[in-house]
Amino acid sequence: MLLFKLSSLHFYMSGGKTKSIVDRKITFLGLAAIIAALAAVNFSETAVAYAPDDPSAVYSCFETNEDGSFVTQTNNETGEAELVPCEIDTGDHAWMLTSSALVLMMTPAGLAMFYGGLSRQKNAVNTLHMVFITTGVIAVQFALWGYSLAFGPDAGGYGFIGTLDWAGLQHVLHDVPSSQYAITIPHTTFVAFQMMFAIITPALIVASVAERMKFSAFIIFIIIWATFVYDFAAHWTWQIAAPDNYGRNPDYCGFGWTGCLGSLDFAGGTVIHITSGWAGLVIALMLGRRLGYGKIPMEPHNISLVVLGAALLWTGWFGFNAGSAGAAASNASSAFLATQIATGMAAVTWALISWAHTGRPSTVGAATGAIAGLVAITPASGFVSPMSSIVIGILASIVCYAALTFKNRRKWDDALDTWAVHGVGGLAGALLTGIFAEARFTSWGDNGLAFGNPAQLYENAVGAFAALAWAMGITALIIKIMDVVWPGGIRVTPKEEEIGLDLVQHGERAYVTG
């Protein structure tokens, strides 16, 4: 069998050499565009001391007088006036750096292992590599323009998308907090934390393209998708601006448009899971089913990796949810506890459901249930009580298990279940937040339907379905255009799929023995 695969690989390499070269050239052109954008950025930045007329001052937290003017002090060496930065809380800073590292671990370690284990052996390296490379590609995209679009000053005052004023992280200071975001930590630390969210979101889509999308096409896709889907949804939900949008729009409400509406998303149920999950369904349907789907076994090749990945994701998710408090504050504690309880309940519930359904308690099912619980509690984590977390955990597994069963009956080949777990779980979590949220946990939160405020369910539903529709529509457009302009289309050939993407795309195997 191995000799057959190697001979087939040789045939592919000789017959498809020209096409492979063209694919690589397109990818390199994309990377060249990034380098060109980098070269255009102004690398100069004021160091240490900041004058009252410094262009970064309006975006940063400096001490002010009662009338709103900046407090200044005189530099003994130069005799010039300097601004006084707001105090950085070392405890908050330490917690946010730790949370950033925990969330980073979720992608190249947790998600890579989880998806790698769920895939078939001949595609394990390719699946793992797609997740891993996303960590690097989106880090660069976010630094160059993603952060500015998602969190920067609003373009036009409509709460729809940011400007490029912070492109290349200009005006983002390393020793002064932002004037609006997490004002007790350096602005760069907030950027680092949000970067990890931007990284994991397109990486979740790997589950839908697994085993059949060209690696080169995937790299370009995630750059475009992060820019036109993730950055927009993040701006709608999480953008905060100084009064009048930093003086640009007199009647600006101060938030992205769903934030102005009152939609609550503590840590990314809408921004991350709904967008990636429903985008994944679109891609899976447009790419079509894998060869042999429904006819030959397509079981996970390494359950140990699946459980290891799930465990790393579960651990990292405490940084994901509790870190979204932006400080070592009381709602970080409540989010941490809610995350653990909901996840544990969801894992147990899924295991019981699959046991009753199939007659055996599935290990992969328990791990999948834990992820479903993590997804559903994400938007609610900083707003709900421990008892509400139990309800959310139970409902998350029921809804996601039903979605998985429905998907299988419809023969939708969402290979590793991004839609059923992240898309449906994220939507359920957003709606359940609108029901079980309590204002007592987070100062900027509100009560949900169960606590006397039915409007919150409506507000969350609008935010969730707007992100869902945007993600599906833009994703379909991206895939359609890419498939037309990409040499040979974005899907690998049937021969390449039969051999396996590890050998065809990377010339590597997951396991080498003897």
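Residues numbered from 1 in each chain as written. Predicted model: local features only at pLDDT ≥ 70, side-chain atom pairs only at ≥ 80, totals over all residues. Heavy atoms only, no water.

A separate point is the overall build of the chain. Looking only at helices and strands, one finds 18 helices and two strands in the chain. Taking 2.2 N^0.38 as the reference for a compact globule, 514 residues should give roughly 24 Å; the C-alpha atoms of the chain span a radius of gyration of 24 Å, in line with that estimate. Within the span of the chain, comprising 514 residues, buried residues form 56% of the whole. Looking at the chain alone, contacts between residues at least 24 apart form 76% of all its contacts between residues at least 6 apart. By element, 65% of the accessible surface of the chain is carried by carbon and sulfur atoms, the whole surface being about 20,500 Å². Within the chain, one finds 23 positive and 34 negative side-chain charges whose respective centroids are separated by 29 Å. (Helix = DSSP H or I, 4+ residues; strand = E, 2+ residues; numbered from the N terminus. Rg over C-alpha atoms; globule rule 2.2 N^0.38 Å. Buried < 20%, exposed > 50% of the residue type's maximum accessible area, 1.4 Å probe, protein only. Contact = heavy atoms within 4.5 Å. Areas by Shrake-Rupley, 256 points an atom, 1.4 Å probe, with all protein chains shown as cover. Lys, Arg positive; Asp, Glu negative; His and termini not counted. Charge placed at Lys NZ, Arg CZ, Asp CG, Glu CD.)

Moving on, we come to the confidence of the model for the chain. One rule of thumb: low pLDDT means the predicted coordinates there are not for detailed reading. Residue-level pLDDT values for the chain average 92, and 90% of them are 70 or greater. Confidence drops under pLDDT 50 across residues 1-14; counting only partners more than four residues distant or on other chains, this segment forms 16 contacts. A low-confidence stretch, residues 43-47 stays under pLDDT 50, and its non-local contacts, those more than four residues away or across chains, total eight contacts. (pLDDT = per-residue confidence, 0-100.)

Bringing the pattern of salt bridges into the picture now. Opposite charge on two side chains permits pairing when their charged atoms draw close. Tallied over the entire structure, the rule returns seven salt bridges. A salt bridge links Glu211 to Arg120, with the nearest nitrogen and oxygen atoms 2.9 Å apart. You can see Glu211 sitting in the loop between helix H6 (206-209) and helix H7 (215-238) and its partner Arg120 sitting in the loop between helix H3 (90-118) and helix H4 (124-151), a full 91 residues away along the chain. Across the pair, Arg120 and Glu211 agree in class, each one buried. One salt bridge connects Glu497 with Arg491, and the closest N-O pair in it is separated by 2.9 Å. Put simply, Arg120, Glu211, Arg290 and Asp413 are held in one network by salt bridges that share partners. (Salt bridge = Lys/Arg side-chain N within 4 Å of Asp/Glu carboxyl O.)

Right, let's talk about the side chain of Glu211 for a bit. Under the relative-accessibility criterion, Glu211 is labelled buried at 1%. Within the structure, Glu211 has its side chain in polar contact with the backbone nitrogen of Arg120 (distance 2.8 Å). Separated by 2.7 Å, the side chains of Glu211 and Arg290 make a polar contact. (Polar contact = N/O pair within 3.5 Å; in protein donor to acceptor, adjacent residues only side chain to side chain.)

Residues Tyr115 and Phe221 are the most contacted members of the largest nonpolar core, which totals 126 residues. If one sorts the elements of this core by residue count, H7 sits on top with 16 residues. Filtering out sequence-adjacent residues up to four positions away, Phe221 remains in contact with Ile205, Met213, Ile283, Thr475, Ile478, Ile479 and Met482. Counting six residues, the second-largest nonpolar core is a separate cluster that includes Tyr50, Ala57, Leu83 and Leu173. (Core = buried A, V, L, I, M, F, W, Y, C linked by side-chain atoms within 4.5 Å.)

All right, on to the packing of aromatic side chains then. Enumeration over the complete set of coordinates arrives at 32 aromatic pairs. Centroid distance Tyr59 to Tyr246: 5.0 Å. Interplanar angle 70 degrees. Geometry classified as edge-to-face. In this pair, Tyr59 is assigned in the loop between helix H2 (17-40) and strand S1 (72-74) and Tyr246 in helix H8 (residues 243-247), connecting sequence segments 187 residues apart. Residue Tyr59 shares its accessibility class with Tyr246, and that shared class is buried. Considering the side-chain rings of Phe160 and Phe232, the 5.4 Å spacing of their centres and the 75 degrees angle between planes classify their relative orientation as edge-to-face. One end of the pair, Phe160, is in the loop between H4 and helix H5 (187-204); the other, Phe232, is in helix H7, with 72 residues separating them in the sequence. An aromatic cluster of at least three residues, connected via ring pairs, comprises Tyr59, Phe142, Tyr147, Phe151, Trp166, Tyr181, Phe190 and Tyr246. (Phe/Tyr/Trp six-rings, centres within 6.5 Å; stacked < 30°, edge-to-face > 60°.)

All chains considered together, the criterion is met by two disulfides. The partner cysteine of Cys61 in its disulfide is Cys86, sulfur to sulfur 2.1 Å. Taking the torsion about the sulfur-sulfur bond, which here is approximately -75 degrees, the covalent link between Cys61 and Cys86 counts as left-handed. Of this pair, Cys61 sits in the loop between H2 and S1 while Cys86 sits in the loop between strand S2 (81-83) and H3; the two residues are 25 residues apart in sequence, bridging distant segments of the chain. Overall, the relative accessible area of 12% leaves Cys61 in the buried class. For Cys253, the disulfide goes to Cys260, at an S-S distance of 1.4 Å. The exposure class of Cys253 is partly exposed, given its relative accessible area of 41%. Judged by relative accessible area, Cys260 falls into the partly exposed class, the value being 34%. Once the bonded cysteines of the chain are numbered in order along the sequence, the disulfide links fall as 1-2, 3-4. (Disulfide = S-S within 2.5 Å.)

Moving on: helix H12 (residues 330-358). The end-to-end C-alpha separation of H12 is 42 Å, in line with the 42 Å expected for 29 residues at 1.5 Å each. Directly beyond the C-terminal end of H12, a positive phi value near 90 degrees is found at Gly359. (Expected span 1.5 Å × (residues − 1).)

To continue, consider the side chain of Thr237. Checked against the element boundaries, Thr237 lands in helix H7. A relative accessible area of 14% means that Thr237 is categorised as buried. At 2.9 Å, the side chain of Thr237 and the backbone oxygen of Ala233 are in polar contact.

Axis separation between helix H15 (residues 418-436) and helix H16 (residues 455-485) bottoms out at 7 Å; the angle between their running directions is 160 degrees. One element, H15, and the other, H16, form an angle in the roughly antiparallel class. The two elements H15 and H16 meet at a crossing, and its hand is right-handed. Residues Leu427, Ala430, Leu431, Thr433, Gly434 and Ile435 of H15 form the contact with H16, whose own contacting residues are Gln456, Leu457, Asn460, Ala461, Ala464, Phe465 and Leu468. Of the residues that constitute the contact of H15 with H16, the class distribution is nine nonpolar, four polar and no charged. (Axes fitted to C-alpha atoms, helices over the stretch in contact; angles between N-to-C directions. Parallel < 35°, antiparallel > 145°, perpendicular 65-115°, else oblique. Left-handed = near helix turned anticlockwise from the far one by under 90°. Nonpolar A, V, L, I, M, F, W, Y, C, P; charged D, E, K, R; others polar.)

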